[in-house]
Amino acid sequence: MIAIQKQLINSQIKSPSVFLIDHENNNRGLIDTNEALQLAESLELDLVVVSQGKDAPIAKILNYGKLQYQKKKRQSQSARPTVKEVRFGLNVGIADYNLRIEKAVQWLSKGDSVKFAIRLRGREHQYRDQAGELLDRIANDLSQVGKIQSLDKRALIVQVIPA
């Protein structure tokens with residue numbers, strides 16, 4: 001299990017001195033912790049330990065609330081699913097087909113990959129060649145906005161990734 005280390009801020013920093021990076025990203029070098037805290041308070045910002053150095057921790061003057069918000073935002077963006085799946089029957093209507101292609105274009109523009117699967121039921125297995133043509137049509141329609149990652153006519157699946 002990975003231990004999540006909480007960042008030390010302001011008065012939580014017990015080290016006598018810190019390597020300071022100020023609010024304009026200038027390296028101030030080794031400074032007494034109390035002096036760094038006073039500088040941060042005068043700017044109405046927080047002193048945050050960014051990294052534990054060998055001799056002294058590396059601390060930065062910044063807005064801690066804003067840092068937390070950006071970190072949470074990055075985590076939620078990376079957590080969203082990247083593969084969307086669309087299923088077709090063999091005799092899909094033109095309007096339904098167009099609707100699903102438009103939705104796939106939206107997903108591809110957002111950065112998600114799209115997987116199209118055609119399922120055949122019962123006697124529809126006689127028309128595998130038509131299903132293959134439908135896969136080719138899907139790949140052709142999405143070639144402007146995406147790149148074909150895989151086209152498997154045996155499994156009747158085409159996977160498109162953003163271009």
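Being a predicted model, the structure only gives us computed values, none of them experimental. Counting restarts for each chain: residues are numbered from 1 in the order of the written sequence. Reporting in this predicted model follows two pLDDT cut-offs: at least 70 for local features of residues, and 80 or more for side-chain atom pairs to be given and counted; totals over whole chains, interfaces and linings ignore these cut-offs and use all residues. For the side-chain quantities, the full set of heavy atoms in the structure was used; hydrogens and water were omitted.

Student: Tell me what's going on with the nonpolar core, and back it up with residues and numbers.
Tutor: Buried residues of nine kinds, namely Ala, Val, Leu, Ile, Met, Phe, Trp, Tyr and Cys, make up a nonpolar core once their side-chain atoms join them within 4.5 Å. Any residue under 20% of the maximum accessible area for its type is buried, any over 50% is exposed, and the rest in between are partly exposed; the area is computed with a 1.4 Å probe on protein chains only. Ranked by internal contacts, the top residues of the largest apolar core, which has 21 residues, are Phe 88, Val 114, Phe 116, Ile 118, Ile 138, Leu 142 and Val 158. Only DSSP runs of H or I covering at least 4 residues are called helices, and only runs of E covering at least 2 are called strands; the numbering of each starts at the N terminus. Those elements that provide at least two residues to this core are strand E5 (83-88), helix H3 (94-110), strand E6 (113-118), helix H4 (128-141) and strand E8 (157-162). Counting 11 residues, the second-largest nonpolar core is a separate cluster that includes Leu 37, Leu 47, Val 49 and Ile 61.

Student: Explain the pairing of strand E2 (residues 27-32) to me, using residue names and the numbers behind them.
Tutor: Strands qualify as paired when DSSP identifies two bridges or more between them. Both strand E1 (residues 17-21) and E2 contribute to a ladder of five bridges, which runs antiparallel. Each residue of the ladder has a partner; that of Phe 19, found in E2, is Leu 30. Following E1, the chain reverses through five residues before pairing antiparallel with E2; Asn 25 in that reversal takes a positive phi of roughly 60 degrees.

Student: Outline the UniProt feature "domain: Translation initiation factor 3 N-terminal" (unreviewed entry) in the chain, listing residues and values.
Tutor: Mapped onto this structure's residue numbering, the UniProt feature "domain: Translation initiation factor 3 N-terminal" (unreviewed entry) falls at residues 9-77. What you have in residues 9-77 is 35% helix and 32% strand, and the ends, taken at the C-alpha atoms, are 26 Å apart. UniProt positions are given in the numbering used here, feature names are shortened, and annotations may be inferred rather than shown by experiment.

Student: A description of helix H1 (residues 33-42) should follow, citing residues and the corresponding values.
Tutor: Note on helix geometry: an α-helix contains 3.6 residues per turn, so any two residues three or four positions apart are oriented the same way. Of the residues making up H1, those classed as buried are Thr 33, Ala 36, Leu 37 and Ala 40. The buried residues of H1 occupy an angular sector of 100 degrees when projected down its axis, which confines them to one face. Looking at H1, the residues exposed on the side facing more than 90 degrees away from the buried face are Asn 34, Gln 38 and Ser 42. Among the structural elements, E1, E2, strand E3 (46-51) and strand E4 (58-62) are those in contact with the buried residues of H1. Along the arc lie the directions from the helix axis toward the C-beta atoms. Contacts were defined at the residue level, with two residues in contact if any of their heavy atoms lie within 4.5 Å.

Student: Please set out the packing of aromatic side chains residue by residue, giving values where relevant.
Tutor: Aromatic ring pairs: the centre-centre distance and the angle between the two ring planes describe each pair. Only centres within 6.5 Å qualify two rings of Phe, Tyr or Trp (six-membered ring in Trp) as a pair; their planes then separate them into stacked at under 30 degrees, edge-to-face at over 60, and tilted for everything else. Evaluation of the coordinates by the stated rule reveals two aromatic pairs. The interplanar angle of 25 degrees and the centroid separation of 5.7 Å between the aromatic rings of Phe 88 and Tyr 97 together place this pair among those described as stacked. Each member of the pair, Phe 88 as well as Tyr 97, carries the same accessibility label: buried. A ring pair is formed by Phe 88 and Phe 116, whose centres lie 5.7 Å apart and whose planes are at 10 degrees; its orientation type is stacked. Highlighted residues: Phe 88 in strand E5 and Phe 116 in strand E6, separated in sequence by 28 residues. Both residues of the pair, Phe 88 and Phe 116, belong to the buried class. Among the aromatic residues, those joined into a cluster by ring pairs are Phe 88, Tyr 97 and Phe 116.

Student: Help me get a handle on the sheet that holds E5, residues and values and all.
Tutor: If you trace the four strands from one edge of the open sheet to the other, you get E5-E6-E8-E7, paired in mixed fashion. Strands at the two margins of the open sheet, each flanked by one partner only, are E5 and strand E7 (146-152). Neighbour-to-neighbour, the strand axes of this sheet turn through a mean angle of 20 degrees, independent of strand direction. Note that E6 and E8 share four bridges and pair antiparallel. The partner of Ala 117 across the bridge, within E8, is Ile 157. Axes, fitted as lines to C-alpha atoms, cover a helix only where it is in contact. Angles between the N-to-C directions of the axes lie from 0 to 180 degrees.

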